[in-house]
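Read off the chains here:
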Amino acid sequence: MKIAIIGTGNLGKSIAKGLIKNNTFSQLILTKRNLKELEEFATTEKVQLTTCNMEAVQQADILIFAVQPRHFEQILQEIQPVLTPNHVIISTITGYSIDKIEASIGAQHNIIRAMPNTAIAVGKSMTCICSNTSANGHVQLASSIFKVLGNTLVIPESQMQAATVVCASGIAFWMRLIRATTQAAIQLGFDAKEAQELAMYTSEGAANLLINTGSHPEQEIDKVTTPKGCTIEGLNEMEHKGLSAALIQGMVSSFNKINTIKKEQI
């Protein structure tokens, strides 16, 4: 596969690193206005760097767009003359609907939206995918690209805003929970490095228990809570202070905000 990443900023770099790690392309073209910011890829085999989006599009079959929303329409109009019916267009741009992309380049093109998160750099992204009618036959291809970079889920476009909150913003929410656990461990007597290690690997273990067993979280909670024990004491205090309610309310607030951003863009 010949893949171009148009706009290799933070997310674009994460995607590139994941693709390189898994060697899932025959050629990878990365575009950026300032190529000095891509120096780490300069000597990587089968990777080409360019400032020219037109050049990248002409050399690639799959186009992954990771630009800022305010630049996307201009770039689509710029590359439209060299787009072909064979191109698979994958947008990772938050809040930018398929209808809006079709309005710029036409509904006949294969248009897919993918919402990965920054864990894609280490092959652990949760990426949600949807497409227009023209690209129905290419959804599996897009899934296969992102599957080697974590897990994928095909959803209706109407759920993409919510998926952005749960999966993309969700990285920040989980980082804050891990940070809080680290702070608690420090207060309980561990040094900062030990505390973070305990928090990171415990959270990883909790997630892997659910992934590998298919259990419900409450089933795993029941295994470590005993009558009048320390675990249930801690859980009840956290709920008394509003842990679950605060997390839910925070995610709903984030969802409301992203819908406001979408309306402003329209």
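Everything that follows concerns the structure shown earlier in this document.
So, a few notes on the structure that sits alongside this text. It should be emphasised that the depicted structure is a prediction, and the values quoted were computed from it without experimental measurement.

Applying the stated criterion across every chain yields a total of two aromatic pairs. Centre to centre, the rings of Phe 65 and Phe 72 are 5.3 Å apart; their planes meet at 50°, and the pair counts as tilted. Residue Phe 65 is classed as buried on the basis of its relative accessible area, which comes to 0%. With a centroid separation of 4.8 Å and an interplanar angle of 70°, the aromatic rings of Phe 72 and Tyr 96 are classed as edge-to-face. Taken as a pair, Phe 72 in helix 3 (residues 69-79) and Tyr 96 in the loop between strand 5 (88-91) and helix 4 (98-105) lie far apart in primary sequence, 24 residues in all.

Taken as a whole, helix 3 has its buried residues at Phe 72, Ile 75, Leu 76 and Ile 79. Axial view of helix 3: buried residues confined to an arc of 105°, hence all on one face. Exposed side chains of helix 3 directed beyond 90 degrees from the buried face belong to Arg 70 and Gln 74. On its buried side, helix 3 packs onto strand 1 (2-6), helix 2 (53-59), strand 4 (62-65), strand 5 and helix 4.

All right, on to the side chain of Ser 215 then. Assignment of secondary structure puts Ser 215 in the loop between helix 7 (192-213) and helix 8 (217-223). A residue is classified by how much of its surface remains accessible, and Ser 215, at 17% relative accessible area, is buried. In terms of polar contacts, Ser 215 uses its side chain to reach the side chain of Glu 220, at 2.9 Å. For Ser 215, the contacting residues outside a window of four places in its chain are Leu 210 and Glu 220.

Conventions adopted
- Residues numbered from 1 in each chain as written.
- Predicted model: local features only at pLDDT ≥ 70, side-chain atom pairs only at ≥ 80, totals over all residues.
- Heavy atoms only, no water.
- Phe/Tyr/Trp six-rings, centres within 6.5 Å; stacked < 30°, edge-to-face > 60°.
- Buried < 20%, exposed > 50% of the residue type's maximum accessible area, 1.4 Å probe, protein only.
- Helix = DSSP H or I, 4+ residues; strand = E, 2+ residues; numbered from the N terminus.
- Arc of directions from axis to C-beta.
- Contact = heavy atoms within 4.5 Å.
- Polar contact = N/O pair within 3.5 Å; in protein donor to acceptor, adjacent residues only side chain to side chain.

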